[in-house]
Amino acid sequence: MELKINGELKTLPEHARDPAMPLLWALRDGLDLTGTKFGCGVAACGACTVQVDGEARRSCVTPLASVAGRAITTIEGLGPDHALQRAWVAHQVPQCGYCQSGMLMAAAALLRKNRKPSDAEIDAAITNLCRCGTYPRVRAAIHAAAAQLAGAKA
Amino acid sequence: MRRRTLLLSGLTAAGALLVGVAALPPRSRLGRPGSLPPREGELGLNAWIKIEAESGDVLLAMPRSEMGQGVHTALAQLVAEELRLPLERVRLIPAGYESLYGNVAMFVGQLPLAPQHTEPGQESRLARLAQWSVAKLARELGVNATGGSSSVADAWEPLRWAAATARQQLLGAASLQWGQALAELQLEQGWVSHAIGQRAHYGELARAAAATPPGEVSLTPPEAWRLIGRPAPRRDVPAKVDGSARFGIDQRPPGLLYAAIRQAPMLGGSPGAVDAGAALRLPDVLRLVRLPPYAGSVPALAVVARNSWRAQQAAQALEVQWQGRPAGALDGERIAEQLREAARRAAAGGGLAFRSAGDAAAQLARPLAEGERLVEALYEAPYLAHATLEPMNCTAQVKDGRVTLWLPTQVPGLARALAARVAGVDESAVEVHVSYLGGGFGRRLEVDLVGQAVRVALETGGAPVQLLWSREEDFRHDFYRPAGAAFCRARLDAQGRPQALLVGSAGDAISPRWMERVLPALSSRFEAPDKTTAEGLLDHPYALAHQRIAHEATHSGVPVGFWRSVGHSHNAFFMESFVDELAHAAGRDPLDFRLQWLDAALPRHAAVLRLAAEKAGWGQALPPGVARGLALHESFGSIVAQVLELRLAPDGQPRVLRVVCALDCGLVVNPAIVERQMESAIIFGLSAALWGRIDIGPEGVVRQSGFADYPLLSLAQTPRIETHVLASTNPPSGVGEPGVPPVAPALANALFALTGERRRRLPLWG
C-alpha cells in the first residue's frame with residue numbers, strides 16, 4: 001500500500017497498512033514521521049492534525065482506507081520556510097511544543113482558504129488544545145504570517 | 001559582604017552568610033572536569049564546561065529538562081554572559097548523574113517559611129539557618145530534578161561561577177603563553193586578544209587553560225551584562241516548528257516494539273484472571289506482560305505489538321476480572337466530607353500550627369462590640385489531573401546486562417535508580433536519554449512508567465519497547481493535585497480592620513507520598529511535617545497581631561502528586577477569596593483594603609499590587625456587565641498580582657476578557673520567557689478555576705477520562721493577557737508556577753463584583 005505524503009509516494013511497511021489503521025499511526029510507527037503527535041485518539045485535541053488535499057484533518061480518526069490516493073501533508077512537508085513557521089519563530093510561539101505541529105497544520109489550512117482571517121475566524125478554525133497556553137502567541141503569529149503573505153503578493 | 005549577598009540566590013545567600021560556620025560557598029558546586037569526561041577534540045575545565053578545541057565553542061552540561069519553560073535557553077544565557085560568547089556558541093550536552101548536578105533550590109523551597117522571614121537580603125536568622133541546613137542536605141542528596149520553579153534560582157550562582165572560573169583560566173593561559181599582563185588582555189566573542197596583535201580562540205587556549213589556576217575570579221557586574229535581562233530567542237523553538245523536535249514518544253531506536261497498558265478502572269485495583277485470547281489473536285500482537293506495581297503505579301497488564309495502535313486495541317480486547325482496592329474503594333464525596341471535618345478541627349485548635357501569634361481563638365470568641373464583624377467561610381477544591389499533552393510514555397531496552405531509557409522526565413537520576421532495581425543491574429549499567437517533555441507540570445516528577453517499561457523490556461528479547469499510555473489511562477491513573485478544604489474565620493474591628501485570623505486547612509501531604517514512591521530508601525515511617533498542601537496559607541503577607549494558621553495533613557489513599565504550583569494552586573483561592581470577603585464585609589475597596597492590611601515589612605507585595613492595579617485601570621469605569629477582580633499571591637519566591645475582567649454570557653457562561661498580571665520575580669534573565677510563562681500559567685490556572693475537577697465515584701473510579709469531560713481553555717476562550725515585571729536587583733526567583741495561584745481567586749472575586757454571588761468551591765463553573 002502506498003500513500004502520497006509531502007509530495008512523495010511512500011510504501012507502508014507490512015505492520016502499518018491495515019486499511020482501518022488511523023493515518024496517525026501509519027505516519028508515526030510505519031514511516032517514522034514523528035512530527036505528527038498523538039494526544040487523545042478521539043479527535044479532541046488536534047495534536048495529530050495533518051492536511052489531506054489541503055484540508056486540516058485529525059489523523060488519529062482518519063482511517064488509511066480513506067486517504068488512499070489523496071495528497072497528505074504533514075509538518076515535515078510544510079516548510080522548511082513557510083511564512084507561518086517564520087512567524088512562529090519570530091513570535092516565539094512554542095513552549096513545550098507538543099501541540100505545535102498540529103497548530104501549524106491547522107493554521108496553514110486556514111490561510112489557504114482565508115488569506116486574512118479575522119480574530120473570530122481564527123477562533124473558529126483553530127480548535128487545537130495547548131496545555132502550555134500558547135494561544136495568544138498563536139493568534140499573533142497567524143496574523144503576522146497573513147500580513148507577510150499579503151505583502152509578498154502585493 | 002553586604003553588597004555581595006544581594007546578588008546571591010536564596011540558597012547560596014544562606015551558605016555565604018554562614019561561611020565560617022560551615023563551608024558551603026557557591027563554588028563548591030564547580031566540580032571537577034572528571035565529572036564531565038571530555039571526548040576526542042574536547043577539553044574539560046570543570047563539571048559544567050568543556051571547550052571544543054577546533055571551534056572554541058563551549059559545551060555546557062545541562063542537567064535540567066526542557067518542558068517549555070525555557071530552561072535550556074536561560075541557563076545557557078548565564079554561561080554565555082560570563083564567557084562573553086554569542087548565545088548560540090554555548091551548546092548543550094547532557095549532564096551526567098553525579099550529585100553535583102542535583103537541584104538544591106527546589107528542596108530549600110520546601111521550607112514552611114513566611115515571607116517576613118525570607119525577604120531577599122533581610123532573611124531572618126531562623127530562615128538562614130533552616131535554608132542552610134536544607135541546602136546542605138540537598139547537596140548531599142544530589143537529586144537532579146526540574147521542578148519547584150527553581151532551575152534559574154538554583155543555577156544562578158553555580159553556573160555563573162563555573163563560567164567565570166573557566167573564563168579566568170582561559171585568560172590566564174593566554175597571559176602565560178604570551179607573557180602579557182592579564183589586565184591587558186581583551187575578551188570578545190570567544191577570542192582572547194592583546195593590543196599588539198596576539199589573538200587566540202577558546203579552543204586554542206583550552207588545553208593550557210585546563211592546567212592554569214583561575215586566580216582571582218569575579219562575576220560580571222550587572223552594568224556589563226549583554227545577555228542577562230534580554231529576550232534571547234529560545235533555542236528549542238526552531239525544532240518545534242518543523243516537527244524535528246524529539247519528545248519521548250518520538251524515540252525510534254532500531255527494532256522498536258510498542259506497548260500499551262491496561263490498568264484497573266478503579267483507583268488501587270488490580271487485574272485478577274485474564275483472558276488474552278482475543279487480544280493475542282490480533283495481527284502484529286506479540287505478547288502479554290503482567291506488571292507488578294512500581295513507584296506508585298497499580299498492578300497492570302501490558303501488551304506488546306508491532307505498532308502502538310495494535311497494542312492499544314489489544315489492551316482494550318483483554319477480558320479482565322478486576323479486583324478492587326484491598327483497603328476498600330475510595331470515594332471522593334466521603335473524602336471531601338473528611339477534609340471539611342479536618343479543616344474545622346484544624347481551625348478549632350487542632351492540626352499543626354505553621355504560624356501563630358497572639359491569641360486568635362480568644363480574640364474571635366470575644367463578644368462583638370458595636371460595628372465589629374465576624375466573618376467566616378469554608379472553601380473547597382477538587383482533585384485535578386495534570387493532562388500533559390504528550391501522554392505518559394517511556395522507551396526502554398534491556399540488552400546484554402545494560403538498560404537504556406529514552407524518556408521525557410523531570411527526574412533522570414531517580415528514573416535510573418528505579419530502572420536498575422527493576423532490571424537487577426547496577427545503576428552504572430543504566431543510561432538515561434532525556435528527551436523534550438511534552439509538558440511536565442509535576443506529572444513527570446514520577447517514575448511509575450519507568451518501572452513498567454523496563455519490566456516489559458525484560459520480556460522482549462533485547463528489543464527496545466515504547467510503553468505509551470492512552471489518554472484515558474492518563475486521566476484515570478494520575479498522581480492528582482490533592483483535594484483540599486479550608487475553614488477561615490476573622491474578626492474586623494469597628495473601622496473594618498482585621499484583628500484576628502484563624503485558618504484551618506486540610507489536604508493530603510504530597511512530599512511523604514512522593515518520597516515513598518521515588519526515594520523509598522530515604523522515606524521513613526515517621527511522617528515529617530509537610531507544607532505541600534498548607535503552603536499559600538501559612539505564608540500570607542498580611543499583618544495580624546492575632547492569628548493561627550493551622551493545617552491537618554491527611555492521607556486519603558488517593559494517589560497525589562505535585563501539580564503546577566502545588567498547594568498554592570488552591571490555597572491562594574482560599575486565602576485571597578477570604579481577603580476579598582473581608583474587604584467587602586468591611587465595606588472597603590478590595591485594593592485599598594489589601595494595601596492597608598499588607599505587612600509594612602513587605603513593600604514588594606504592595607508594589608506588585610499597585611502595579612497590577614494601575615496597569616489594569618483599577619477603579620476606572622467598565623462597560624456595563626463587566627467587572628474586575630484582583631488577587632495577590634507569593635509562591636516560589638515570586639510575588640504575583642492579577643486583575644481579571646469578567647463578563648457573563650446570557651446563558652451564565654463566563655467570558656474572561658482580560659487579565660493584567662504584575663510580578664516581582666527578582667532579576668529577570670530572559671523577559672520574553674517570563675512573559676510567556678505568565679500567559680501559560682494564567683491559561684493553565686483558568687482551565688482549572690473554570691472547569692477543572694477529577695471526581696472519584698463511590699466505587700473508586702475516576703469519572704473523567706478525556707478532554708471532553710476535563711475541558712481545557714481554548715484559543716477562542718483565551719483572554720487578553722498583559723504582563724508587567726517590576727524591576728529588581730534581587731536574585732532570580734520562580735517563574736514557571738507563580739502565575740497560576742492568583743487566577744482562581746481573581747476570577748471568583750470578579751464574579752462577586754459582577755453578581756454579588758460568592759462561590760467558595762472550585763471549579764467555579766462545571
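Residues numbered from 1 in each chain as written. Chains lettered and ligands numbered in written order. Predicted model: local features only at pLDDT ≥ 70, side-chain atom pairs only at ≥ 80, totals over all residues.

**Student:** Would you mind going over the overall build of chain A with me for this structure?
**Tutor:** A count of helical and extended segments in chain A gives five helices and five strands. Order of helices (α) and strands (β) in chain A, N terminus to C terminus: β-β-α-β-β-β-α-α-α-α. Expected size for 154 residues packed as a compact globule is a radius of gyration near 15 Å; at 15 Å, chain A falls within 12% of this value. In terms of its C-alpha atoms, chain A occupies a principal-axis envelope of roughly 45 × 35 × 25 Å. Scored against the burial criterion, the 154 residues of chain A give a buried share of 60%. Of the contacts made within chain A by residues no fewer than 6 positions apart, 62% connect residues no fewer than 24 positions apart. (Helix = DSSP H or I, 4+ residues; strand = E, 2+ residues; numbered from the N terminus. Rg over C-alpha atoms; globule rule 2.2 N^0.38 Å. Buried ≥ 20, exposed ≤ 12 C-beta atoms within 10 Å, placed from the backbone. Contact = placed C-beta atoms within 7 Å.)

**Student:** How do you make sense of the overall build of chain B when you look at a structure like this?
**Tutor:** A count of helical and extended segments in chain B gives 22 helices and 25 strands. Whereas a compact globule of 766 residues would reach a radius of gyration of roughly 27 Å, chain B reaches 27 Å, a difference of no more than 12%. Along the longest, intermediate and shortest principal axes, the C-alpha atoms of chain B span 85 × 70 × 50 Å. When each of the 766 residues of chain B is scored for burial, the buried share is 58%. Across chain B, the fraction of contacts at a sequence separation of at least 24, relative to all contacts at a separation of at least 6, is 79%.

**Student:** Sorry, what's going on with the domain arrangement of chain B here?
**Tutor:** Interface size is commonly expressed as the accessible area that is lost once the parts come together. Residue and element names in this part refer to chain B. By domain assignment, chain B separates into domain 1 (31-104 + 142-241), domain 2 (248-326 + 392-468) and domain 3 (332-384 + 480-755). For domain 1 versus domain 2, the distance between C-alpha centres works out to 38 Å. Each side of the interface is counted separately: domain 1 has 12 residues, and domain 2 has 14 residues. Of the residues contributing to the side of domain 1 that touches domain 2, the split by class is five nonpolar, five polar and two charged. (Domains from an automatic or database assignment. Nonpolar A, V, L, I, M, F, W, Y, C, P; charged D, E, K, R; others polar.)

**Student:** Explanation requested: the interface of chain A and chain B in the structure shown.
**Tutor:** Each partner contributes to the interface: chain A provides 47 residues, whereas chain B provides 50 residues. Residue assignment for the side of chain A that touches chain B shows that the elements contributing at least two residues are α1 (23-30), α2 (83-90), α3 (100-113) and α5 (135-153) of chain A. For the side of chain A that touches chain B, the element with the highest residue contribution is α5 of chain A, accounting for four residues. Considering only residue class, the side of chain A that touches chain B consists of 25 nonpolar, 16 polar and six charged.

**Student:** Would you mind going over the sheet that holds strand β20 (residues 498-508) of chain B with me for this structure?
**Tutor:** In a beta sheet, neighbouring strands are held together by backbone hydrogen bonds and run either parallel or antiparallel to one another. Residues and elements named next belong to chain B. A sheet is described by the order of its strands in space; here five strands give the open sequence β13-β21-β20-β19-β14, paired in mixed fashion. With partners counted over all chains shown, the strands left at the sheet margins are β13 (352-357) and β14 (373-381), one partner each. Here the average twist between neighbouring strands, direction ignored, is 5 degrees. As paired elements, β13 and strand β21 (residues 546-554) share five bridges and run antiparallel to each other. The residue bridging Leu-352 from the neighbouring strand is His-551, located in β21. The strands touched by helix α12 (residues 332-347) are β14, β19 (484-492), β20 and β21; relative to β20, the strand with the most contacts, the crossing angle is about 145 degrees. (Pairing = 2+ DSSP bridges. Axes fitted to C-alpha atoms, helices over the stretch in contact; angles between N-to-C directions.)

**Student:** Could you clarify how one ought to interpret the environment of Gly-96 of chain B in this entry?
**Tutor:** Residue and element names in this part refer to chain B. Structurally, the position occupied by Gly-96 is in the loop between β4 (90-94) and α4 (105-108). Remark: the alpha-carbon pair of Gly-96 and Ala-138, spanning 42 residues in sequence, is separated by 17 Å. Sequence-distant contacts of Gly-96, that is, excluding residues within four places in its chain, are made with Ser-35 and Leu-36.

**Student:** Sorry if this is basic, but what is going on with the environment of Trp-178 of chain B here?
**Tutor:** Residues and elements named next belong to chain B. Position of Trp-178 relative to the elements: it lies in helix α7 (residues 151-178). Each C-alpha atom of the pair Trp-178 and Gln-263 lies 68 Å from the other, and the pair is 85 residues apart in sequence. Residues contacting Trp-178, with those up to four places away along its chain left out, are His-194 and Gln-198.

**Student:** Whenever I open this one, the domain arrangement of chain A confuses me. Can you help?
**Tutor:** All names here are of chain A. Splitting chain A by domain gives domain 1 (2-77) and domain 2 (83-153). In this complex, domain 1 contributes 14 residues to the contact, which on the side of domain 2 involves 13 residues. Secondary-structure elements contributing two or more residues to the side of domain 1 that touches domain 2 are β3 (49-52) and β4 (55-58). Class assignment for the residues of the side of domain 1 that touches domain 2 results in six nonpolar, six polar and two charged.

**Student:** I tried to follow unusual backbone geometry on my own but got confused; where do I start?
**Tutor:** Here Gly-79 of chain A and Pro-80 of chain A are connected by a cis peptide whose omega angle stands at 10 degrees. Within the secondary structure layout, Pro-80 of chain A lies in the loop between β5 (71-73) and α2. Following Leu-762 of chain B, the chain continues into Pro-763 of chain B via a peptide bond in cis, with omega recorded as -5 degrees. Relative to the helices and strands, Pro-763 of chain B resides in the segment after α22 (743-755). Positive phi, close to 50 degrees, is recorded for Asp-53 of chain A, a residue that is not glycine. Turning to its location among the elements, Asp-53 of chain A is positioned in the loop between β3 and β4. The exposed category is assigned to Asp-53 of chain A, around which 12 C-beta atoms lie within 10 Å. Positioned with a positive phi, Asp-284 of chain B is a non-glycine residue whose angle comes to about 65 degrees. Locating Asp-284 of chain B in the fold gives a position in the loop between α10 (277-281) and β10 (285-291).

**Student:** I tried to follow helix α15 (residues 448-457) of chain B on my own but got confused; where do I start?
**Tutor:** Helical geometry note: an α-helix holds 3.6 residues per turn, so side chains three or four residues apart project in the same direction. Of all the 10 residues making up α15 of chain B, 10 are buried; the element is thus mostly covered by neighbouring parts of the structure. Those residues of α15 of chain B that fall on the buried side of the exposure criterion are Asp-448, Leu-449, Val-450, Gly-451, Gln-452, Ala-453, Val-454, Arg-455, Val-456 and Ala-457 of chain B.

**Student:** So what exactly am I meant to see when it comes to the packing of α7 of chain B against helix α8 (residues 202-210) of chain B here?
**Tutor:** When two helices pack together, their arrangement is given by the angle between their axes and by how far apart the axes lie. Residues and elements named next belong to chain B. The interhelical angle for the contact between α7 and α8, taken along N-to-C directions, is 85 degrees, at an axis separation of 8 Å. Comparing the axis directions of α7 and α8 gives the class roughly perpendicular. Where α7 approaches α8, its residues Gln-169, Leu-170, Gly-172, Ala-173, Ala-174 and Gln-177 are matched on the opposing element by Tyr-202, Leu-205, Ala-208 and Ala-209. Taken together, the residues of the contact of α7 with α8 break down into seven nonpolar, three polar and no charged. (Parallel < 35°, antiparallel > 145°, perpendicular 65-115°, else oblique.)

**Student:** Teacher, can you tell me more about the sheet that holds strand β6 (residues 191-194) of chain B here?
**Tutor:** All names here are of chain B. Spatially, three strands are ordered β5-β6-β7 in an open sheet, and the strand pairing comes out antiparallel. The open sheet is flanked by β5 (185-188) and β7 (199-201), the only strands paired with a single partner. Sheet twist, expressed as the mean angle between neighbouring strand axes with direction ignored, is 20 degrees. Pairing of β5 with β6, which is carried by four bridges, proceeds in the antiparallel orientation. Each residue of the ladder has a partner; that of Gln-186, found in β6, is Ser-193.

**Student:** Can you help me understand the packing of helix α18 (residues 568-585) of chain B against α22 of chain B in this one?
**Tutor:** Residues and elements named next belong to chain B. Running from N to C, α18 and α22 cross one another at 30 degrees; their axes reach a closest spacing of 8 Å. Crossing handedness for the pair α18 and α22: right-handed. Across the interface between the two elements, Ala-572, Phe-573, Glu-576, Ser-577 and Asp-580 of α18 pack against Ala-744, Pro-745, Ala-748, Asn-749 and Phe-752 of α22. Looking at the contact of α18 with α22 residue by residue, the classes come out as six nonpolar, two polar and two charged. (Left-handed = near helix turned anticlockwise from the far one by under 90°.)

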